[in-house]
Number of protein chains: 2
Amino acid sequence: MSSNQDYKMKTEATEEELYKTACEVMPGGISRNVVFHKPHPFYVSEASGCYITDINGVKKVDFANNIASLIHGHAHPKIVEAVCNQIKKGTAYTLATEIEIEHASLLCNRVPGFDKIRFMNSGTEAVMAMIKAARAYTGKPKIAKAEGGYHGSFDTAEVSQSASPANWGDIDSPNSVAHVQGTPKEVLDNVVIFPYNDIERTINILNRHAAHLACVIIDPVPHRIGMVQATPEFVEAVYNWTRQNNALLCFDEVICFRVAYEGAQSNYNVKPDLTSLGKIIGGGFPIGGLAGNKEIMNILDPSGNDYRFALSGTFSANPVSMTAGKVAMELLDREALDKLNHNSQIAIKQIKEAGKLADIPLSITGKGSMFKIHFREVAPTNFRESYEDAARKKVINLFLDKMYEENIIIINSCSCVLSTVITQKEIDMLSEAMLNSFRFIKPYLSA
Amino acid sequence: MSSNQDYKMKTEATEEELYKTACEVMPGGISRNVVFHKPHPFYVSEASGCYITDINGVKKVDFANNIASLIHGHAHPKIVEAVCNQIKKGTAYTLATEIEIEHASLLCNRVPGFDKIRFMNSGTEAVMAMIKAARAYTGKPKIAKAEGGYHGSFDTAEVSQSASPANWGDIDSPNSVAHVQGTPKEVLDNVVIFPYNDIERTINILNRHAAHLACVIIDPVPHRIGMVQATPEFVEAVYNWTRQNNALLCFDEVICFRVAYEGAQSNYNVKPDLTSLGKIIGGGFPIGGLAGNKEIMNILDPSGNDYRFALSGTFSANPVSMTAGKVAMELLDREALDKLNHNSQIAIKQIKEAGKLADIPLSITGKGSMFKIHFREVAPTNFRESYEDAARKKVINLFLDKMYEENIIIINSCSCVLSTVITQKEIDMLSEAMLNSFRFIKPYLSA
């Protein structure tokens, strides 16, 4: 084939046509499962602020923000300007840059528990580095994670992420369920699964593996565990257990770092040893980060006396992600964050009212600028309660499609995340679309 | 601390001062081991084409190109323009884009063995996805890789990357050596190590694990195995073995895809089942890719009959990396690539002449636009031969520092990678700096 062939699509292509071509070159026609949608994915033309324009020219309000990663919506002028200035000076070098020090300083000064930080390219890489660091520091091989918890695609981190009634086993000792077929038994055996927020069962389970556990990973506002906040009692019980058993408490704040100015961990009296980061700290560009206690982080120092963990990465700490991330976090000052969280409370209130008007069972979980809709009278408190079977998932998909038709984009888990550029106007559009969509699915909910 | 604090460094800060601040917030003061340098890393101010200007205002010629990832050097005007246009329209959405289909089409049309492709955020993620796909497809847990081979930081992929005489064991059955302390024994046990380019020993080793091997991974121009090209006989022997033993042949072309228009695999009569990609296909932005046989790739299709491998990723296939990558690959047509490789041959010839003038032992390995300097009369043919002990590494570091002083940046493995914007002028600067540096280290080489 000629090297001069132009791969620009016909601008008049329909979504069906685009998807047909996509299926010829990508499995399922997609490059991320999250965009998968039947009969075809939706295609973006451009986005600005809290609005996305699809390739049909239809404008939609974005309450998904690339799965919670865009805290200031799309193409924030200050980020665009700073990043384009950087790109003209290069996007990556084999040498260090000042901007990585500036972004590291900003984050370490912002969060009390962040003595030192290292950057990677994704949340997946951040969690993998966190687990490797815990193993290197403690010399123990096992990790513990919550059933249903999503922590990226490192094979060890994704165990039991998609457990179901068919395979999850006894709640007193949940099975370690492979997320991807072919995950070696040896990987599964090194992952201990506990029921989220269940202190007694969790401590019993941890005790059985105490000698081999390097760390316990907690996402304090877990998107895939019903977005139920970890209780202070649960976090403290696990923290105390790790102190007594030579294990680390690791927080996954890739998604939930946005919920408070100093991260979700500021909502607890005890602090994690290590925290994985991603999403908003990259200002819309690929990023990951591992931050925490100096003594542990120093195992990454090639010149240190306690060097145990060699880590590089072609694009880690690249000046584009660093620049965008620094500007985004500077813009997210206490005032901006308070306003964002306040707006989210207004949205939740209005959606609850819409639920009453539509007379459907409704509960809402979440924290800060993230919340999740449940079509249940009582909010779930753990993964098994939040599990939706195939019939319920079908109704949820009807709801999501109806919301999209109403020109509102939310996350396919029925979650919304707000950006700082959302105003009362868009919140009203959200709750109105919710009302219409609630009414639309009501017959199916009671069926 | 006030949220308004300005984290911009003093522009007059020296490298020593910057590094002091860096050490307070990052382990070892760095975010990637590759930039680590004593007494401090070097800091970039800006870059353009094949020149980098450091923070002291000194211009240097870049023969490292962010570890081989920048095929057109820094801030190529066409990439800058296309990317800045995209950034104004947003950097990431929760929906699909046309540009990901265009880039996927370009790559699949370019390389005969690429039926389908999926994008990730780094080479590390690409190799991890390749291994997970091989395990899911074959149902077997073990992987085989070459001693000394670098394949990113997935724990399974990095085993024996840094093996040394103290731990590498018998060449007939090399040990699986942890790269990071605390790597679980169970991970090591699932990785089979073979001696690169040694057909008889490798086949014997593979045979012993045949029932459990999902794949054999080969980097055909391995940067960390002396940059010795895989022989056609070796690749064919491994290929035939995988056909007979229900295993996949996986190529890691994250670095070496640049060596030929259709990738390094075009230099062989047999084709890998799967290929991991990264570096140049992102045009200077974070990227990874997994490409290969349709039947295998389809295990990633959520709507397919053979769905086994669920994979998402917040920034995977983001429109910035896709745009930059597509423009970069379009610019890298057959003519551009032939010229680039031709220039590299000229550079090698001139460096060999410099070696003769300086009267030092010298051999050069590599392929295409990548080559590696060895201070030996005879080029190494495998990892153990290419191993440099502490005393030799000290001399190599003297050489690297002298090259930097001569205003030439090369990779710390003594490797050079060219970009398409390098001209005869810079090649002359390279060989002249080499001559000076060869003369400088000559006394240490013979010591």
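Conventions used here
Residues numbered from 1 in each chain as written. Chains lettered and ligands numbered in written order. Predicted model: local features only at pLDDT ≥ 70, side-chain atom pairs only at ≥ 80, totals over all residues. Heavy atoms only, no water. Least-squares fit on C-alpha atoms with pLDDT ≥ 70 in both. Disulfide = S-S within 2.5 Å. Buried < 20%, exposed > 50% of the residue type's maximum accessible area, 1.4 Å probe, protein only. Helix = DSSP H or I, 4+ residues; strand = E, 2+ residues; numbered from the N terminus. Contact = heavy atoms within 4.5 Å. Buried area = accessible area lost by both parts, 1.4 Å probe. Salt bridge = Lys/Arg side-chain N within 4 Å of Asp/Glu carboxyl O. Polar contact = N/O pair within 3.5 Å; in protein donor to acceptor, adjacent residues only side chain to side chain. Pairing = 2+ DSSP bridges. Lys, Arg positive; Asp, Glu negative; His and termini not counted. Expected span 1.5 Å × (residues − 1). Bend = angle between axes of the 7 residues up to and from the residue. Axes fitted to C-alpha atoms, helices over the stretch in contact; angles between N-to-C directions. Domains from an automatic or database assignment.

Engineer: Break down the relation of the copies chain B and chain A for me, with residues and values.
Structural biologist: Screw-axis analysis of chain B against chain A gives a translation of 0.0 Å along the axis, an RMSD of 0.0 Å, and a rotation angle of 180°. Within this description, the copies of the chain are treated as partners about a two-fold rotation axis.

Engineer: An account of the state of the cysteines is needed here, citing residue identities and associated values.
Structural biologist: Under the definition given, this model contains zero disulfides over all chains. Here Cys 108 of chain B stays free of any disulfide, with the sulfur of Cys 23 of chain A as its closest cysteine sulfur at 13 Å. With a relative accessible area of 11%, Cys 108 of chain B lands in the buried category. Here Cys 414 of chain B stays free of any disulfide, with the sulfur of Cys 416 of chain B as its closest cysteine sulfur at 8.2 Å.

Engineer: Could you give an account of unusual backbone geometry, with specific residues and numbers?
Structural biologist: A cis amide bond links Lys 38 of chain A to the next residue, Pro 39 of chain A, at an omega of 0°. Relative to the helices and strands, Pro 39 of chain A resides in the loop between α1 (15–25) and β1 (43–48). We note that Asn 197 of chain B has phi near 65°; this positive angle belongs to a residue other than glycine. Its place among the elements puts Asn 197 of chain B in the loop between β7 (191–194) and α7 (199–208). Judged by its relative accessible area of 18%, Asn 197 of chain B falls in the buried class.

Engineer: An account of the interface of chain B and chain A is requested, with residue identities and associated values reported.
Structural biologist: The parts lose accessible area when they come together, and the size of an interface is often stated as this lost area. With 122 residues of chain B at the contact, the number on the chain A side is 122 residues. Buried surface at the junction of chain B and chain A, summed over both partners, amounts to about 10700 Å²; 61% is from carbon and sulfur atoms. Where chain B meets chain A, there are four salt bridges. For Glu 158 of chain A, the salt bridge goes to Lys 132 of chain B, with nearest N and O atoms at 2.9 Å. At the boundary of chain B with chain A, the tally comes to 48 residue pairs in polar contact (both at pLDDT 80 or more). The dominant element in the side of chain B that touches chain A, judged by the number of residues it contributes, is helix α4 (residues 98–110) of chain B, at nine residues. With two bridges connecting them, β1 of chain A and strand β4 (residues 96–97) of chain B associate as parallel partners. Note on β4 of chain B: the bridge partner recorded for Val 44 of chain A is Thr 97 of chain B.

Engineer: Tell me about the pattern of salt bridges, and please be specific about residues and values.
Structural biologist: Oppositely charged side chains can pair when the atoms bearing their charge come close. Residue and element names in this part refer to chain A. For the coordinates displayed, the defined rule picks out 34 salt bridges over all chains. We note a salt bridge from Glu 102 to Lys 326, for which the minimum N-O separation is 3.1 Å. Taken together, the positions of Glu 102 in helix α4 (residues 98–110) and Lys 326 in helix α10 (residues 319–331) put the pair 224 residues apart, joining distant regions of the chain. A relative accessible area of 8% means that Lys 326 is categorised as buried.

Engineer: Provide a residue-level description of the side chain of Glu 125 of chain A, including the pertinent values.
Structural biologist: Tracing the backbone shows Glu 125 of chain A in helix α5 (residues 123–138). For the buried residue Glu 125 of chain A, which engages in no salt bridge, the nearest side chain bearing the opposite charge is Lys 132 of chain A, 9.7 Å off.

Engineer: Please provide a residue-by-residue account of helix α14 (residues 424–445) of chain B, values included.
Structural biologist: For an α-helix, the turn length of 3.6 residues means that residues three or four places apart are oriented alike. Residues and elements named next belong to chain B. Across its 22 residues, α14 extends 29 Å between first and last C-alpha, which sits within 8% of the 32 Å expected from 1.5 Å per residue. Taken as a whole, α14 carries its principal kink of about 30° at Arg 439; the proline Pro 443 stands between one and four residues after it. Restricting attention to buried positions, one finds in α14 the residues Glu 426, Ile 427, Leu 430, Ser 431, Ala 433, Met 434, Leu 435, Ser 437, Phe 438 and Ile 441.

Engineer: Outline the side chain of Thr 124 of chain A, listing residues and values.
Structural biologist: In this fold, Thr 124 of chain A is placed in helix α5. In contact with Thr 124 of chain A, not counting residues within four places along its chain, are Gly 152, Ser 153 and Phe 154 of chain A together with Glu 125 and Met 128 of chain B.

Engineer: Outline the sheet that holds strand β13 (residues 370–374) of chain A, listing residues and values.
Structural biologist: Residue and element names in this part refer to chain A. With antiparallel pairing, the three strands of this open sheet are ordered in space as β12-β13-β15. Since the sheet does not close on itself, it has two edges, and those belong to β12 (363–367) and β15 (415–417), each with one partner. Pairs of neighbouring strands in the sheet enclose a mean axial angle of 20°, with direction left out of account. Seen against the sheet, helix α11 (residues 334–358) touches β12 and β13 and runs at an angle of roughly 10° to β13.

Engineer: If you had to explain the domain arrangement of chain A to someone new, which residues and values would you point to?
Structural biologist: Residues and elements named next belong to chain A. According to the domain assignment, chain A contains domain 1 (42–71 + 333–445) and domain 2 (77–331). Relative to domain 2, the C-alpha centre of domain 1 lies at a distance of 26 Å. Of the residues lining the interface, 34 residues belong to domain 1; the matching set on domain 2 comes to 35 residues. Counting the surface lost from both domain 1 and domain 2, the interface buries some 2800 Å², and carbon and sulfur atoms represent 60% of this. Broken down residue by residue, the surface that domain 1 buries against domain 2 is led by Met 370, Phe 383 and Arg 384, which jointly contribute 28%. Summed over the shared surface of domain 1 and domain 2, the number is two salt bridges. In this structure, Arg 384 and Glu 147 form a salt bridge, with 2.7 Å as the shortest nitrogen-oxygen distance.

Engineer: Any chance you could break down the sheet that holds strand β15 (residues 415–417) of chain B for me, citing the residues and the numbers?
Structural biologist: Pairing between the strands of a sheet is mediated by backbone hydrogen bonds and can be parallel or antiparallel. All names here are of chain B. In spatial order, the strands read β12-β13-β15; together these three strands make up an open sheet with antiparallel pairing. This sheet does not close on itself; its edge strands, each paired only once, are β12 (363–367) and β15. Direction aside, neighbouring strands of the sheet carry axes that sit 20° apart on average. As paired strands, strand β13 (residues 370–374) and β15 are joined by three bridges and run antiparallel to one another. Within the sheet, the bridge partner assigned to Met 370 lies in β15 and is Val 417. In the packing of helix α11 (residues 334–358) onto the sheet, contacts are made with β12 and β13, and the angle to β13 comes to roughly 10°.

Engineer: How would you summarise the pairing of strand β3 (residues 59–62) of chain A if you had to cite specific residues and measurements?
Structural biologist: Residues and elements named next belong to chain A. Here three bridges tie strand β2 (residues 51–54) to β3, and the two strands are oriented antiparallel to one another. Of the residues in β3, the one forming a bridge with Ile 52 is Lys 60. The turn joining β2 and β3, which pair antiparallel and follow one another in sequence, is formed by four residues; a positive phi near 85° is taken by Gly 57. In the sheet, β3 pairs with strand β14 (residues 408–409) via two bridges, with the strands oriented parallel. Across the sheet, Asp 62 pairs through a bridge with Ile 409, a residue of β14.

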